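# Tertiary structure, described
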Amino acid sequence: FVYPKGSEAPLAVNTYKIPSYIASASTESIKSKLVGQINYQMKFGEYKFVVIASDFNNPAIIDSTEFNLLVENYSSGVKMSDIELATSINKSTDTKSIFYKNTLEVTPNAGGLYGKNVSELYYYLELYNLSSANVSDEITFKKRVLNLNNEEQFSSFKKIKRGPESRVETGMIKIDTMKSGSYILELSLI
């Protein structure tokens, strides 16, 4: 369900059946994840999402979560979309894929967990309003990884020549040499 802030009337209601068979409670079957994506075109504003999941064969097994979302107005000033963490990003022409975006197939890592089996962190974001009124002829895209003590673990810079008013930025960071722990990915436009 998708609700505008303060409304009891949903803007969207979707129901899906997703086949997921687990033969046993083995460690491997418990680790398997279902990853999907639903796209909505929404006006800027505040929304509440409610997701409910249940076992088709046993509706008494049910769980739910909800979260708020602010859809920003990107019509003025330089703006950066949210960062999407991914397990892979590849060139694609499959416009019917649920993960297709701007000539790319971006497979999300919704849990944001990386490690032994997922040793490369991919990211995707969009930059808006890069007009001459908002930015100089050359801008700098900076990426950093910080630990929870705010100590820099990795950083790099990339110069970008002003071109189209909107553009996609993607990248990959190898994390296989990093110590186990929580980290902050910081992406900025200077």
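All of the points below concern the structure found in this document. (Residues numbered from 1 in each chain as written. Predicted model: local features only at pLDDT ≥ 70, side-chain atom pairs only at ≥ 80, totals over all residues. Heavy atoms only, no water.)

## Comments concerning the overall build of the chain
To be explicit about the condition: Secondary structure elements follow DSSP: runs of H or I no shorter than four residues count as helices, runs of E no shorter than two count as strands, and numbering proceeds from the N terminus. When a residue's accessible area, from a 1.4 Å probe over protein chains only, is under 20% of the maximum for its type it is buried; when over 50% it is exposed; and in between it is partly exposed. For this analysis, residues touch if any pair of their heavy atoms sits within 4.5 Å. A 1.4 Å probe and the Shrake-Rupley method give the accessible areas. Residues count as covered only by the protein chains that appear here. Neither His nor the chain ends contribute to the count of charged residues, in which Lys and Arg are positive and Asp and Glu negative. For this purpose, a charge sits on NZ of Lys, CZ of Arg, CG of Asp or CD of Glu.
Helix and strand counts for the chain come out as 1 helix and 12 strands. Secondary structure of the chain in N-to-C order comes out as β-α-β-β-β-β-β-β-β-β-β-β-β. Burial status across the chain gives 26% buried among its 190 residues. A fraction of 61% describes how many contacts in the chain between residues 6 or more apart in sequence connect residues 24 or more apart. Accessible surface for the chain amounts to roughly 13,600 Å². Of this, 51% is attributable to carbon and sulfur atoms. When the 21 positive and 21 negative side-chain charges of the chain are each reduced to one mean point, those points stand 4 Å apart.

## A short note on the pattern of salt bridges
Convention followed: The salt bridge criterion pairs a side-chain nitrogen of Lys or Arg with a carboxyl oxygen of Asp or Glu, the two atoms within 4 Å.
Throughout the structure, instances matching the rule amount to 9 salt bridges. Salt-bridge contacts for Asp137 lead to Arg162; the nearest nitrogen and oxygen are separated by 2.8 Å. One end of the pair, Asp137, is in the loop between strand S8 (120-128) and strand S9 (138-147); the other, Arg162, is in the loop between strand S10 (152-161) and strand S11 (167-174), and 25 residues separate them in sequence. With a relative accessible area of 31%, Arg162 lands in the partly exposed category. One connected set of salt bridges, linked through shared partners, spans Arg144, Glu152 and Glu186.

## Some words on empty space enclosed by the protein
Condition: In this analysis a 1.4 Å probe is tested at points of a 1 Å grid over the protein atoms alone, and where it fits but cannot get out there is a cavity; an open set with protein on both sides within 12 Å along at least five of seven lines is a pocket; lining residues have an atom within 4 Å of a point. Grid points are joined across faces, edges and corners, and a volume is the space filled by probe spheres set on the points. Each residue gets one label: Ala, Val, Leu, Ile, Met, Phe, Trp, Tyr, Cys and Pro are nonpolar, Asp, Glu, Lys and Arg are charged, and the others, such as Gly, are polar.
This model, assessed by the stated rule, comprises 1 cavity of 30 Å³ or more. Taken together, Leu130, Ile139, Ile160, Lys161, Arg162, Gly163, Pro164 and Arg167 form the lining of the largest cavity. In terms of residue class, the lining of the largest cavity is made up of 4 nonpolar, 1 polar and 3 charged.

## Notes on the sheet that holds strand S12 (residues 183-189)
Filter applied, for reference: Strand pairing is assigned whenever DSSP detects at least two bridges linking the two strands. Here an angle of 0 to 180 degrees is reported between the N-to-C directions of two axes, which are lines fitted to C-alpha atoms, with helices fitted over the stretch in contact.
Here we have 3 strands laid out as an open sheet, ordered S10-S9-S12, and antiparallel in their pairing. Edge strands, defined here as strands with exactly one partner in the open sheet, are S10 and S12. With direction set aside, neighbouring strand axes in the sheet form an average angle of 10°. The pairing of S9 with S12 spans 7 bridges and is antiparallel. Looking at the pairing, Lys142 lines up with Ser188 of S12.

## What to know about the layout of surface pockets
Taken as a whole, the second largest pocket holds about 490 Å³ of empty space. Along the wall of the second largest pocket there are 20 residues; nearest its centre are Gly112, Tyr114, Ile175, Gly181 and Tyr183. Broken down by element, the lining of the second largest pocket gets its largest block of residues, 3 residues, from S12.

## Description of the sheet that holds strand S2 (residues 45-55)
Read across the sheet, 3 strands follow the order S1-S2-S3 without closing on themselves; strand pairing throughout is antiparallel. The two strands at the open ends of the sheet, each matched to only one other strand, are strand S1 (2-4) and strand S3 (58-71). Taken over all neighbouring pairs, the strand axes of this sheet differ in orientation by 20° on average, direction set aside. Summarising the sheet, S2 and S3 pair through 11 bridges and their orientation is antiparallel. Bridged to Ala53 within S3 is Asp63.

## Some points on the pairing of strand S5 (residues 84-91)
Note: S5 against S8, 3 bridges, orientation antiparallel. Note on S8: the bridge partner recorded for Ala86 is Tyr122. In this structure, S5 lies alongside strand S7 (residues 104-108), joined through 5 bridges in antiparallel fashion. Within the sheet, the bridge partner assigned to Lys91 lies in S7 and is Leu104.

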